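The residues making up each chain are set out below.
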Amino acid sequence: TSALVWFRRDLRSFDHAALHRALHFAGRVHCAFVFDTAILDALSSRRDRRVEFIHASLAELDAALDAMSRAAGGQGAGIIVRHGRAEDEIPRLALELGVDKVFVNRDYEPDAIVRDSRVAQRLAEAGIGCEDFKDQVIFERDEVLTQAGKPFSVFTPYRSAWLKAADDFQMKPYPVERHAQRLAPKPAGEALPSLAGIGFEPAGLAELRMPTGMSGGRRLFEDFAARIGRYAQARDFPALKGVSYLSVHLRFGTVSIRQLAAHAWRDGGDGAQAWLGELIWRDFYHQILWHHPHVVARAFRPEYDGVVWDDAPGLFAAWAEARTGYPIVDAAMRQLAQTGYMHNRLRMIVASFLSKDLGIDWRLGERHFAAHLNDYDLAANNGGWQWAASTGCDAQPYFRIFNPVTQSQKFDPGGRFIRRYLPELARVPDTFIHAPWTMGGIDQSACRTRIGVDYPAPIVDHAAARERTLKRFGVLKA
Ligand code: FAD
């Protein structure tokens, strides 16, 4: 028997459900990845950090599979990489290789579900089986339900039920080393295409010192594990190294969710428990997307589809290009543009600012994040945006409106983060850093930041915007 493992968002050669099962099932196991033109063609730039991340991670995976096969007495192995529509490429490759079955780890996004069912159908027509497995979350689909057997839409009781259901079995790794000699050598002439070969250019990961692949994920996790005890205190301050920075690795599966969750679950300290809570949010939003795929295009709560947003392309551009005049918002948007990452507290602040201060449809912000976040994940991004815009499950109530100045004072007290990304405000005194438009003319000249010249005046008055938002949502409640 032979099998094909189709890698997607699981770019690792350890603790891998589909690979584990394939190696038990078949005497000969091929591995493949497709740079799917259905996804790549829709990207707005040919310099995309995620494509470079995947490319670098595949090179490491290729070498790791080879080394693992040889260490187990095999003839060497690797990953076959194709460029085309996955829907066509996988059935074609399965036929070429003559495999009996294709193994994949489940993807919960609506488009991926459609793609996977088409692939399974075409394989079935050719007499080839296809099996999928849970791998990217601890609990999926219907595994954690309310006592009435319904999906949860509120996080806190979901977390309690999740913690009650969690046990050693759910955290257990899927080892792959034992049967690694069954990994098949790559067909002659198969080589990883270059980035240029798939129509992309390097996007500067080396300059960002962004670690890729399994080794990068391991390095970040080891670094974080040494400071996980301080996570609960430090996580809300973007100027501090308080969070794990593992999101892109969780997105592409260069780390194992089971390994990370097990570490935090067994630790038991306050920091580890707080961090485990974030991993549970990740499962939570995945099951929301699975049960409620309408959230992709519409509000989780249908009554909020009635919110009338403003059509304000000029304000949207100012937000996207970091020209709002609110330093914490602009610094965050520059972090996103320059690095592809944004700290969670800042994601909440800028999402609230777009939807509640500018009155702009959250979907536009969500699309902007989708284009620029390295860790872009439909379930978490949609959940985060609907939370901030008050349209989602378990969202901020609409009348709780972040004040960008007090958020800034609270979470970047000395303005260290702001100054890192807005050098034009470097010399603004601490007292004015969160609201530089309140500086008088003398102070502006003294610190060489003239408002309206060197840095924009605020594009909106927060107090007035707040009133407009209360009215906008209040209509629905009437
Ligand atoms: P850590 O604090 O170290 O958290 C560890 C992991 O937990 C993260 O890597 C992530 O996988 C998960 N996690 C943390 N917070 C959340 C959350 N609120 N929801 C779901 N999972 C979470 N996260 C994404 O992975 N992709 C996105 O596209 C995304 N878009 C967001 C948009 C908005 C408007 C908001 C408010 C949040 C969004 N998040 C998203 C969640 C969160 O901001 C990021 O996961 C986090 O900032 C990543 O940094 P980290 O890995 O250092 O996080």
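Where an unreviewed UniProt entry is consulted, the protein chain appears under the name Deoxyribodipyrimidine photo-lyase, with the organism given as Thauera linaloolentis. As recorded by UniProt, the Catalytic activity (unreviewed entry) comment attached to the protein chain reads in full: "cyclobutadipyrimidine (in DNA) = 2 pyrimidine residues (in DNA)." Taken from UniProt, the Sequence similarities (unreviewed entry) comment for the protein chain reads in full: "Belongs to the DNA photolyase family."

Another point: the overall build of the protein chain. Scanning the protein chain from N- to C-terminus turns up 21 helices and 5 strands. On C-alpha atoms alone, the protein chain measures out to a radius of gyration of 24 Å, which is about the 23 Å that the 2.2 N^0.38 rule sets for 478 residues. For the protein chain, the C-alpha atoms occupy an extent of roughly 80 × 50 × 45 Å along the three principal directions. Per-residue burial for the protein chain yields a buried fraction of 46% across its 478 residues. For the protein chain, the share of sequence-separated contacts (at least 6 apart) that also reach a separation of at least 24 residues comes to 75%.

Domain annotation of the protein chain identifies domain 1 (1-134), domain 2 (142-171 + 214-291) and domain 3 (302-477). Domain 1 and domain 3 are separated by 39 Å when their C-alpha centres are compared. In this assembly, 6 residues from domain 1 lie in contact with 5 residues from domain 3. Here the residues of the side of domain 1 that touches domain 3 sort into 2 nonpolar, 1 polar and 3 charged.

To continue, consider helix α17 (residues 378-388). Within α17, 11 of the 11 residues are buried, which leaves it mostly tucked inside the rest of the structure. Along α17, the residues classified as buried are Leu378, Ala379, Ala380, Asn381, Asn382, Gly383, Gly384, Trp385, Gln386, Trp387 and Ala388. Among the residues trailing α17, Ser390 stands out with phi positive, at a value near 65°.

What follows deals with the site of the ligand. Residues in close proximity to the ligand total 28 residues, the closest being Val243, Ser244, Ser247, Asn381 and Gly384. Looking at the shell around the ligand, the elements that each hand over two or more residues are α10 (247-252), α12 (270-291), α15 (344-357) and α17. Broken down by element, the residue count for the shell around the ligand peaks at 6 residues, all from α17. Residues belonging to the shell around the ligand are distributed by class as follows: 15 nonpolar, 6 polar and 7 charged. Split by domain, the residues of the shell around the ligand number at least three in each of domain 2 (142-171 + 214-291) and domain 3 (302-477).

Attention shifts here to the sheet that holds strand β2 (residues 28-36). Pairing is parallel across the open sheet formed by 5 strands, whose spatial order is β3-β2-β1-β4-β5. Looking at which strands have only one partner, the edges of the open sheet turn out to be β3 (79-84) and β5 (129-133). Across the sheet, the axes of successive neighbouring strands diverge by a mean angle of 25°, strand direction being ignored. In this sheet, β5 lies alongside strand β4 (residues 101-105) in parallel orientation, the contact comprising 5 bridges. Paired with Asn105 across the bridge in β5 is Phe133. Sheet strands touched by helix α3 (residues 49-71): β2 and β3. Its angle to β3, the strand with the most contacts, is close to 150°. Lying on the sheet, helix α4 (residues 86-97) is in contact with β1 (2-7), β2, β3 and β4; it crosses β2 at an angle near 155°.

As a further point, take the pairing of β4. Along any regular strand, the residues point their side chains to alternate faces of the sheet. With 4 of 5 residues buried, β4 is to be regarded as a mostly interior element. For β1 and β4, the ladder comprises 4 bridges, and the chain directions are parallel. Within β4, the position partnered with Ala3 by the bridge is Lys101. Following the backbone out of β4, through helix α5 (residues 110-125) and into the adjacent parallel β5, one traces a crossover that is right-handed.

Attention shifts here to the packing of helix α6 (residues 155-165) against α12. Their axes nearest at 10 Å, the elements α6 and α12 cross at an angle of 105°. It follows that α6 is roughly perpendicular to α12 by the angle criterion. Here Phe155, Tyr158, Arg159 and Trp162 of α6 come into contact with α12, specifically with Gly277, Ile280, Trp281, Asp283 and Phe284. When the residues that make up the contact of α6 with α12 are grouped by side-chain class, the tally is 6 nonpolar, 1 polar and 2 charged.

Time to look at the packing of α3 against helix α8 (residues 213-225). Two numbers describe how α3 lies on α8: the axes approach to 6 Å, and their chain directions differ by 100°. As the angle between them shows, α3 and α8 are arranged roughly perpendicular. Residues Ala56, Ser57, Glu60 and Ala64 of α3 lie in contact with α8, whose contacting residues are Gly213, Met214 and Ser215. For the contact of α3 with α8, the residue count by class is 3 nonpolar, 3 polar and 1 charged.

What counts, and at which threshold
Each chain has its residues counted from 1, running along the sequence as written. Only residues with pLDDT of at least 70 get local features here, since the model is predicted, and only at 80 or more are side-chain atom pairs given and counted; chain-wide, interface and lining totals rely on the full set of residues. UniProt positions are given in the numbering used here, feature names are shortened, and annotations may be inferred rather than shown by experiment. Numbering of helices and strands runs from the N terminus; a helix is a DSSP stretch of H or I covering at least four residues, while a strand is a stretch of E covering at least two. The globule rule used here is 2.2 Å times the number of residues to the 0.38 power, and the radius of gyration it is set against is calculated over C-alpha atoms. To sort residues by burial, count the other C-beta atoms lying within 10 Å of each one's C-beta; a count of 20 or more means buried, 12 or fewer means exposed, and anything in between means partly exposed. C-beta atoms are built from the backbone. We call two residues in contact whenever the C-beta atoms placed from their backbones are within 7 Å. Domain start and stop points were drawn from an automatic or database domain assignment. Think of it as three bins: nonpolar holds Ala, Val, Leu, Ile, Met, Phe, Trp, Tyr, Cys and Pro, charged holds Asp, Glu, Lys and Arg, and polar takes everything else, Gly as well. By definition, a residue lies near a molecule or strand provided its backbone-derived C-beta atom is within 6 Å of it. DSSP-based pairing: two strands are paired if at least 2 bridges between them are found. Orientation is described by axes fitted as lines to C-alpha atoms, over the contacting stretch for helices, and by angles from 0 to 180 degrees between their N-to-C directions. By convention, orient the strands away from the viewer: a clockwise path from the first strand over the helix to the second makes the crossover right-handed. Angular relationships are summarised with four words: roughly parallel below 35 degrees, roughly antiparallel beyond 145, roughly perpendicular across 65 to 115, and oblique for the angles in between.

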